[in-house]
Amino acid sequence: MFALVDCNSFFASCEKVFRPALEGKPVVVLSNNDGCVVARSPEAKSLVAMQATLFSIQDLVNRGTIHAFSSNPILYRDMSRRVIQTLQHFSPEVEQYSIDEAFLGLHGFTKADLGDYGQKIRTTVKQWTGIPVSVGIAKTKTLAKLAAHEAKRYPNLNGVLNFEALADPNAVLASIDVGEVWGIGRNLKAKLKAMGITNVLQLKNADKTRIKKKFGVLGLRTVLELRGTPCFPMEPVASPKTMRIVSRSFGHLVTELSDIKEAVATYTTRCAEKLRADGLVAGQFTVSMRTSYYRPENQYSAARSVELDQPTNDTAVLIHEAMRLAEAAFTPGYEYLKAKVIATELSPAGEVQGNLFAAPADTKKRDRLMQAVDSLNRKLSPDAVKFGAMGLKPTWAMRSDYFSQRYTTHWGELPTVKVMSYPQPLPSVLSSDSNAF
DNA sequence: TCTGGGGTCCTAGGACCC
DNA sequence: TCTGGGGTCCTAGGACCC
């Protein structure tokens, strides 16, 4: 048996934990660059569409009807870590599937227990982290995902649905759109519709050979999972990354090569930090840049790659290569919206094969330098020590006008509590059910 | 006007091997 | 008229996920 624990409106919920006054109020979180809405609290769902642009809801934000926040990935990652840690109390088998979801392997429970266990998971996560979650329980991962989806849809389920305890599971499946199934996206949904398959029960009962032929093994596995045959096992140990990407839109359109190079150097620095944190080195490095898709006139995009003589995660080496790639990809006369760097052909840092034709690098010394840079930046601030190529004052930096605080990861930004003198009533912050303080 | 970021997996097809 | 069988490796592109 599997449980899927899914955080409700995750990013919006993270912001609410540290702003108890926002309880019951509509909150949205914006994408990078304050572009569009990527998370909505339940109260915001009727007011704002997913992916609505900030521009289109600016009035509601200005009037205070909706509380908007810029993306705060450091906060969300840390809250995610807390949720996962909490879940590890409930099963030895926890697979973090995304920033706001995890599968739990459930053995040794009778079917009747599981619904109660789900409720216990839900209340504990809420109490320990402040984050509301939904829990779906079933014999396969695909069904557990659907169960969690249903648990959100019907408030009377109190956030938990044990699919195996349903009196008539097929009736439930018939009520769910086939596009809700894990692995069925926009394109496959359209293809299935053309075959007359629009709800989950129809997909479950579809002809296996036909599905295999049209949708490959993934489609077949999905059908089997709907029938209760597990095809996607627990994967508690994350498999090593195959690529690392850093890409950002600019705060405004950029025309100068010098600005793009600064941005690329900055992204390369972030990318190298990630590689070092993962203990990986890159064998190939790619830089790309493009204009806006939404301006059909004067479109341009280009990418350049390099095979590195010696796989590395040394920021200076990667910036050196990245600058050459950026120059090669750049064509003057365009308004650039976005740049991206990609590290591929990743391998563990300790197992690098020497290059017969390249001079051996003094990597020990370089490694120590990078370690020193990383530890200074961790202690002080992310760019306390930076490379000259990153520029001193970026003109291209992304917008982030509604940033909250790194409440849980930065000494200078911890939440503060104002305590009023006894015997006045406790401020609402302290009496809220959030345990965050 | 504004319209995100970061990934993984599978398949088809071509080149090549014996 | 018929012209094998069984593989591996690589890449591009398309699909999906959150």
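Whatever comes next refers back to the structure up there.
Being a predicted model, the structure only gives us computed values, none of them experimental. (Residues numbered from 1 in each chain as written. Chains lettered and ligands numbered in written order. Predicted model: local features only at pLDDT ≥ 70, side-chain atom pairs only at ≥ 80, totals over all residues. Heavy atoms only, no water.)

Peer 1: When you look at the protein's contact with DNA strand C in this model, what are you seeing that I'm missing?
Peer 2: Residues in close proximity to DNA strand C total 13 residues, the closest being Asp-100, Glu-101, Lys-145, Asn-187 and Leu-188. A breakdown of the atoms of DNA strand C within 4 Å of the protein gives sugar and phosphate a share of 100%. Glu-101 places a polar side-chain atom, nitrogen or oxygen, 3.1 Å from a sugar or linking oxygen of DNA strand C. Residue Gly-183 places a main-chain N or O atom 3.1 Å away from a phosphate oxygen belonging to DNA strand C. Every element with two or more residues in the surface near DNA strand C is listed here: strand S5 (94-98) and helix H7 (186-194). For the surface near DNA strand C, the element with the highest residue contribution is H7, accounting for three residues. Its residues assigned to classes, the surface near DNA strand C comprises five nonpolar, four polar and four charged. (Near = heavy atom within 4 Å. Polar contact = N/O pair within 3.5 Å; in protein donor to acceptor, adjacent residues only side chain to side chain. Helix = DSSP H or I, 4+ residues; strand = E, 2+ residues; numbered from the N terminus. Nonpolar A, V, L, I, M, F, W, Y, C, P; charged D, E, K, R; others polar.)

Peer 1: I'm lost on the nonpolar core in this one. Help?
Peer 2: In this structure, Val-264, Phe-285 and Val-287 are the most contacted members of the largest nonpolar core, which totals 36 residues. Secondary structure elements with two or more residues in this core: strand S9 (244-254), helix H10 (257-278), strand S10 (280-291), strand S11 (301-312), helix H11 (315-329) and strand S12 (336-348). With 34 residues, the next largest nonpolar core counts Ala-3, Val-17, Val-27 and Leu-106 among its residues. (Core = buried A, V, L, I, M, F, W, Y, C linked by side-chain atoms within 4.5 Å. Buried < 20%, exposed > 50% of the residue type's maximum accessible area, 1.4 Å probe, protein only.)

Peer 1: Explain the environment of Ser-31 to me, please; I cannot follow it from the model alone.
Peer 2: Along the chain, Ser-31 turns up in the loop between strand S2 (27-30) and strand S3 (37-40). By relative accessible area, Ser-31 is classed as buried at 16%. Distance in space between the C-alpha atoms of Ser-31 and Ala-12 is 12 Å, their sequence separation being 19 residues. Not counting residues up to four positions away in its chain, the partners in contact with Ser-31 are Cys-36, Val-38 and Ser-71. (Contact = heavy atoms within 4.5 Å.)

Peer 1: It is not clear to me how the side chain of Arg-290 should be interpreted in this structure. Could you clarify?
Peer 2: Counting through the fold element by element, Arg-290 comes out in strand S10. Although Arg-290 is buried, it forms no salt bridge, and the closest oppositely charged side chain is Glu-335 at an N-O distance of 12 Å. Among residues more than four places away in sequence, those in contact with Arg-290 are Tyr-300, Ser-301, Tyr-336, Leu-337 and Lys-338. (Lys, Arg positive; Asp, Glu negative; His and termini not counted. Salt bridge = Lys/Arg side-chain N within 4 Å of Asp/Glu carboxyl O.)

Peer 1: Hey, could you run me through the pattern of salt bridges in this one?
Peer 2: Between side chains of opposite charge, a pair can form when the charged atoms approach closely. Throughout the structure, instances matching the rule amount to 17 salt bridges. With a shortest N-O distance of 2.7 Å, Lys-145 and Glu-101 are connected by a salt bridge. A residue pair is termed long-range when its members are at least 10 positions apart, and Lys-145 in helix H5 (residues 141-153) and Glu-101 in strand S6 (residues 101-105) qualify at 44 residues. Between Glu-327 and Lys-261 there is a salt bridge whose closest N-O contact spans 2.5 Å. Highlighted residues: Glu-327 in helix H11 and Lys-261 in helix H10, separated in sequence by 66 residues. It is possible to trace a salt-bridge network through shared partners that takes in Asp-78, Arg-81 and Arg-82.

Peer 1: How should the protein's contact with DNA strand B be read in this particular structure?
Peer 2: Lining the immediate surroundings of DNA strand B are 24 residues, of which Phe-55, Arg-244, Ile-245, Ser-247 and Tyr-294 lie closest. The sugar-phosphate backbone supplies 68% of the atoms of DNA strand B found within 4 Å of the protein. Within the backbone of Ile-245, one N or O atom sits 2.5 Å away from a phosphate oxygen of DNA strand B. One of the backbone nitrogen or oxygen atoms of Ser-247 is found 2.4 Å away from a phosphate oxygen of DNA strand B. For the surface near DNA strand B, the secondary-structure elements that each account for two or more residues are helix H9 (208-226) and S9. With six residues, S9 is the largest single contributor of residues to the surface near DNA strand B. The residue inventory of the surface near DNA strand B, partitioned by class, reads seven nonpolar, nine polar and eight charged.

Peer 1: Looking at this structure, how should I read a nonpolar patch on the surface?
Peer 2: Taken together, Leu-376, Leu-380 and Val-385 make up a surface patch of nonpolar side chains, about 240 Å² in accessible area. Position of Leu-376 relative to the elements: it lies in helix H12 (residues 363-379). Given the relative accessible area of 38%, Leu-376 is considered partly exposed. (Patch = residues over 30% accessible without salt bridge, like charges linked within 9 Å, V, L, I, M, F, W, Y side chains within 5 Å. Areas by Shrake-Rupley, 256 points an atom, 1.4 Å probe, with all protein chains shown as cover.)

Peer 1: Please clarify how the pairing of S12 should be interpreted in this entry.
Peer 2: Sheet faces and side chains relate simply in a regular strand, where the side chains alternate between the two faces. Sheet analysis places S9 next to S12, joined by seven bridges and oriented antiparallel. Bridging across to S12, Arg-244 finds its partner in Ala-343. Examined bridge by bridge, S10 and S12 share 11 bridges and lie antiparallel to one another. When the bridges of S12 are listed, Ser-288 appears paired with Lys-340. (Pairing = 2+ DSSP bridges.)

Peer 1: Got a minute to help me understand the packing of aromatic side chains in this structure?
Peer 2: The geometry of an aromatic ring pair is captured by the separation of the ring centres together with the interplanar angle, meaning the angle of the planes. Across all of its chains, the model carries 13 aromatic pairs by this definition. Relative to Phe-103, the ring of Tyr-97 lies with its centre 5.8 Å away and its plane at 65 degrees, an arrangement referred to as edge-to-face. Phe-103 sits in the buried class, given a relative accessible area of 0%. A centroid spacing of 5.4 Å and a plane angle of 85 degrees characterise the contact between Tyr-97 and Trp-182, whose relative ring orientation is edge-to-face. Of this pair, Tyr-97 sits in strand S5 while Trp-182 sits in the loop between helix H6 (169-174) and H7, placing them 85 residues apart in sequence. The exposure class of Tyr-97 is partly exposed, given its relative accessible area of 37%. The ring centre of Phe-103 lies 4.6 Å from the NZ or CZ of Lys-141, which sits over that ring. The lysine or arginine in question, Arg-290, covers the ring of Tyr-293, its NZ or CZ lying 3.8 Å from the ring centre. (Phe/Tyr/Trp six-rings, centres within 6.5 Å; stacked < 30°, edge-to-face > 60°. Lys NZ or Arg CZ within 6 Å of the ring centre and 35° of its normal.)

From the geometry alone we can't say anything about function, so treat these as descriptive.
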